[in-house]
Amino acid sequence: MIRKIRKAAVIGSGIMGGGITALLAGAGVKVQLLDIVPFDLKDEEKKNAAARNRIVKAGLDAALASSPSLFFNKKDAGLISIGNLEDDIETLAECDWIIEVVVENLDIKRNLFTKIEKIRKPGSIVTSNTSGIPLKDICKGFPKEFKEHFMGTHFFNPVRYMHLLELIPGADTLPEILEFVAAFGEKNLGKGIVWAKDTPNFVGNRIGIQGIGAIMKAMVENDMTIPEVDAIFGPALGRPRTAIFKTVDLVGLDTVIHVCKNSYELCPDDEQREALVLPEFIDKMAQKNLFGNKTGAGFYKTELTSEWKKLRKVLNPSTMEYEDLVRPSFPCIDAAKKKATLKEKIHCVLKGDDKGAKFAWKMAANSFLYAANRVPEISDTIIEIDNSMKWGYNFEKGPFEIWDAYGVKEAVDRMETDGLDVPIHIKEMLEKGNTCFYKLENGINYFYDFASASYQKTPVSKNRVSIAAAKGNNKTVLENSSASLVDIGDDVFCIEFHTKMNALNEEIMDTIGEALDYVDKNGAGLVIGNEAGGMPGAFSAGADLSFVSKLCHDKKYAEIEAFLKKGHEGIQRAKYSAFPVVAAPYGLVLGGGCEICLSADKMVAHSELYMGLVEIGVGLLPAGGGTMNLWKKYITALPGKTAKDNDLAKFFVPAFMKVAMAAVSASAAQARGNGFLGLSDRIVFNRDNLIGEAKKEILKMVDDGYVPPSKQPLIVMGDAGQGMVNVEIFNMLNGKFMSDYDAFLARRIAYVMSGGQVKVGSAVDEDTILKLERDAFVDFCKEEKTIARIDHMLKTGKPLRN
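Residues numbered from 1 in each chain as written. Predicted model: local features only at pLDDT ≥ 70, side-chain atom pairs only at ≥ 80, totals over all residues. Heavy atoms only, no water.

Peer 1: Lay out the overall build of the protein with the relevant residues and their values.
Peer 2: Counting secondary structure elements, the protein contains 32 helices and 26 strands. Relative to the globule expectation of 28 Å for 802 residues, the C-alpha radius of gyration of the protein, 28 Å, shows essentially globular dimensions. Projected onto its principal axes, the C-alpha positions of the protein cover 80 × 70 × 65 Å. The proportion of buried residues among the 802 residues of the protein is 56%. For the protein, the proportion of contacts with a sequence separation of at least 24, taken over those separated by at least 6, is 69%. Element-wise, carbon and sulfur atoms account for 53% of the exposed surface of the protein, whose accessible area totals about 34700 Å². Taking the average location of the 100 positive side-chain charges in the protein and that of its 106 negative ones, the two points are 3 Å from each other. (Helix = DSSP H or I, 4+ residues; strand = E, 2+ residues; numbered from the N terminus. Rg over C-alpha atoms; globule rule 2.2 N^0.38 Å. Buried < 20%, exposed > 50% of the residue type's maximum accessible area, 1.4 Å probe, protein only. Contact = heavy atoms within 4.5 Å. Areas by Shrake-Rupley, 256 points an atom, 1.4 Å probe, with all protein chains shown as cover. Lys, Arg positive; Asp, Glu negative; His and termini not counted. Charge placed at Lys NZ, Arg CZ, Asp CG, Glu CD.)

Structural data, given as structure tokens:
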């Protein structure tokens with residue numbers, strides 16, 4: 001039987017239920033969202049469907065209004081039907097997958113599943129999103145067929161953005177059900193799968209909540225402040241900028257308190273159980289309703305001054321009063337900021353000798369030991385623990401990977417000097433001469449398995465192609481400080497950028513040319529992609545503005561023109577090469593990064609795609625073929641081989657506005673709606689599989705007998721398009737959506753995009769349009785206001801509207 005999820009049900013329309021519903025709808029699944037009938041209905045409302053669905057309607061509305069959005073595209077809501085558990089429970093009989101996301105109460109869950117069991121169709125999958133109640137207690141006494149199709153699926157909030165999906169097998173769950181849910185979760189929903197055991201809080205929250213509790217207690221004991229702790233446990237240790245306390249404010253202190261109490265009650269034998277008894281000031285915060293962002297104040301809050309300026313405040317746990325936030329630092333953090341790699345940063349912080357470094361080491365050692373003692377209690381291997389922290393808490397490295405970065409033996413020696421008890425299996429590992437938890441040999445990743453006391457291959461999805469593994473297997477054929485060309489197998493190569501934010505510089509432009517030469521002689525096709533970290537990460541944030549700024553200040557306009565021409569030549573070569581070129585964008589794809597993708601034969605894009613031509617924000621225009629190739633995307637979407645004048649008119653203003661307003665998509669679905677992705681471009685939900693899926697497209701195009709596109713003149717709007725745009729600019733100026741300088745830039749952009757001084761419907765060759773781009777870019781570089789915009793962006797990271 002080929003199992004499919006045509007329709008799913010989500011029961012519970014809170015933040016988590018709404019997020020799961022939005023994700024399923026984004027994956028193209030019809031969803032029935034159900035919740036309870038309100039308890040407080042008036043007599044006249046008891047037969048009113050809208051009143052009876054008030055709770056579920058409010059839940060869906062909240063998901064639609066969420067910021068950042070839980071939906072990839074608000075149109076996905078068309079796949080969602082709402083109802084209540086009294087009037088609409090029979091709809092569960094139509095569903096292939098039923099997901100329970102109700103309150104964490106065993107009796108409530110069991111009562112609900114009793115109803116579900118009587119209605120569901122045989123063979124349908126039933127899962128619970130419980131975060132702490134044992135599955136064996138939930139399904140105790142249920143029929144065998146129900147338990148064979150029952151398991152835990154623990155998503156993390158916010159569901160769209162957090163990569164982690166913990167899967168918890170029940171004692172009787174059929175292997176084929178486990179395999180199907182894992183495959184569907186990975187491929188269709190884009191999740192990183194972690195197999196957890198049926199233990200309290202599973203893997204991610206068991207490790208994560210202990211770390212938060214231990215740090216809170218140690219902060220009080222060591223007379224540290226909230227800002228000091230957050231300064232330490234941020235990017236310098238590979239953690240998000242929200243660190244500890246800002247993260248709790250985001251999640252909600254009430255949630256953290258609940259999970260801590262749950263772990264404390266259900267884990268009586270946990271050696272660090274007392275870390276889950278939070279400091280006294282946390283109880284005082286709860287009494288004052290200081291739960292974080294959801295209540296307007298938590299560890300931090302924002303106040304407005306009489307001049308309407310935002311003033312950040314932070315709680316002083318000793319006085320329970322808010323004080324002005326003063327951002328602290330330590331020598332170890334200052335040193336870490338100067339280092340290029342995370343490993344170097346970790347060494348600075350954990351091996352320093354100042355107060356911050358000593359506190360960081362104390363907590364790192366605590367996390368190392370706690371994680372080591374949880375194998376095999378909560379997971380069979382170290383992989384599940386590390387992946388849970390990376391995918392569920394957005395850490396760059398999990399505890400065992402950080403331990404490796406520090407040096408396993410060196411850390412053990414220091415812990416023993418500190419009088420800490422090191423687990424016996426760690427000592428045995430070292431005694432056998434195994435000095436790391438992970439290693440890369442001949443392009444294959446291995447992890448140390450405590451059960452077999454040996455290194456085992458790290459499990460990898462069959463859909464994944466790893467650039468890092470290929471490089472570890474000596475498959476790099478070209479490399480410099482900005483880019484690499486890597487053989488990823490089957491005669492397919494991948495060009496990878498590795499500058500800061502993967503910004504495009506002259507060295508990358510040169511490397512693109514060299515890569516095209518190499519692949520032309522030795523390969524079947526080229527993927528443009530990389531595996532940079534972060535959430536959402538940066539495929540490429542555009543051109544290296546510092547390089548452009550220097551040329552502008554030095555008035556080296558000929559060099560600017562030469563740089564642009566080299567870029568145009570590379571992009572055109574890629575477009576018309578004898579082999580297929582596929583771009584694999586994800587995350588930030590701005591300016592020049594977007595232009596490189598627009599010039600490829602095809603895009604295989606991650607669902608989290610923030611793509612746009614944003615150059616006007618720094619006083620420039622897209623000059624990597626962006627205006628031309630975006631216009632081509634628009635008109636190639638038209639039916640037939642040729643476009644009529646009236647069709648062009650419908651498309652020109654929307655295409656122009658995407659550039660003039662620096663429109664950036666909030667998802668790949670929106671990028672498609674904006675015209676940046678065409679019908680032949682693909683959207684992939686799991687970023688881990690992006691390079692592999694791009695490679696598949698290359699091989700399919702080769703197998704189909706790839707023929708490069710022929711170079712044809714472009715039908716343009718000419719002076720008619722410029723006239724249409726002038727009307728739009730006039731309206732935007734009057735509405736104060738645009739400054740006078742924006743209008744100046746926009747008119748020139750319209751001139752370029754419309755093909756210059758020609759008549760509507762004229763056929764203009766691509767080289768002419770590219771020359772218009774270069775001329776406009778160089779002219780803009782001579783403008784003082786453009787230079788001011790560039791310098792302001794470099795200094796503040798924000799656009800200047802002058």
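Peer 1: Pulling in residues and values, what's your account of the packing of aromatic side chains?
Peer 2: All chains considered together, the criterion is met by 28 aromatic pairs. Relative to F146, the ring of F113 lies with its centre 6.1 Å away and its plane at 70°, an arrangement referred to as edge-to-face. Taken together, the residues F113 in helix α4 (residues 106–119) and F146 in helix α6 (residues 144–148) connect sequence positions 33 residues apart. Residue class for F146 comes out buried when judged on its relative accessible area of 1%. What links up through ring pairs into an aromatic cluster is the set F368, F400, W403, F437, Y448, F450 and Y455. Taking NZ or CZ as reference, R374 lies 4.4 Å from the ring centre of Y370, over its face. Directly above the ring of Y455 sits K439, whose terminal nitrogen or CZ lies 4.0 Å from the centroid. (Phe/Tyr/Trp six-rings, centres within 6.5 Å; stacked < 30°, edge-to-face > 60°. Lys NZ or Arg CZ within 6 Å of the ring centre and 35° of its normal.)

Peer 1: I'd love a proper account of the nonpolar core, names of residues and values included.
Peer 2: Residues F299, V349 and W403 are the most contacted members of the largest nonpolar core, which totals 116 residues. For this core, the leading source of residues is helix α15 (residues 355–373), giving 12 residues. (Core = buried A, V, L, I, M, F, W, Y, C linked by side-chain atoms within 4.5 Å.)

Peer 1: Describe the pairing of strand β22 (residues 602–606), with residues and values.
Peer 2: For β22, a buried count of five out of five residues is recorded, marking the element as mostly surrounded by other parts of the structure. Residues K602, V604 and H606 of β22 are buried on one face, and the alternating residues M603 and A605, pointing to the opposite face, are buried as well. Note: strand β20 (residues 581–583) against β22, two bridges, orientation parallel. Its bridge partner being in β22, A583 is matched across the sheet by M603. Strand direction decides the pairing type here: β22 and strand β24 (residues 682–684), joined by three bridges, are parallel. In the strand pairing of β24, A605 is matched with I683. (Pairing = 2+ DSSP bridges.)

Peer 1: How would you sum up the sheet that holds strand β11 (residues 321–324)? Please name residues and give values.
Peer 2: Spatially, the three strands line up as an open sheet ordered β9-β10-β11, and their pairing is antiparallel. Two strands bound the open sheet, and with one partner strand each, they are β9 (300–304) and β11. The sheet shows a mean angle of 40° between the axes of neighbouring strands, taken without regard to direction. By the bridge criterion, four bridges tie strand β10 (residues 310–316) to β11 in an arrangement that is antiparallel. For K313, the partnering residue across the bridge sits in β11 and is D324. (Axes fitted to C-alpha atoms, helices over the stretch in contact; angles between N-to-C directions.)

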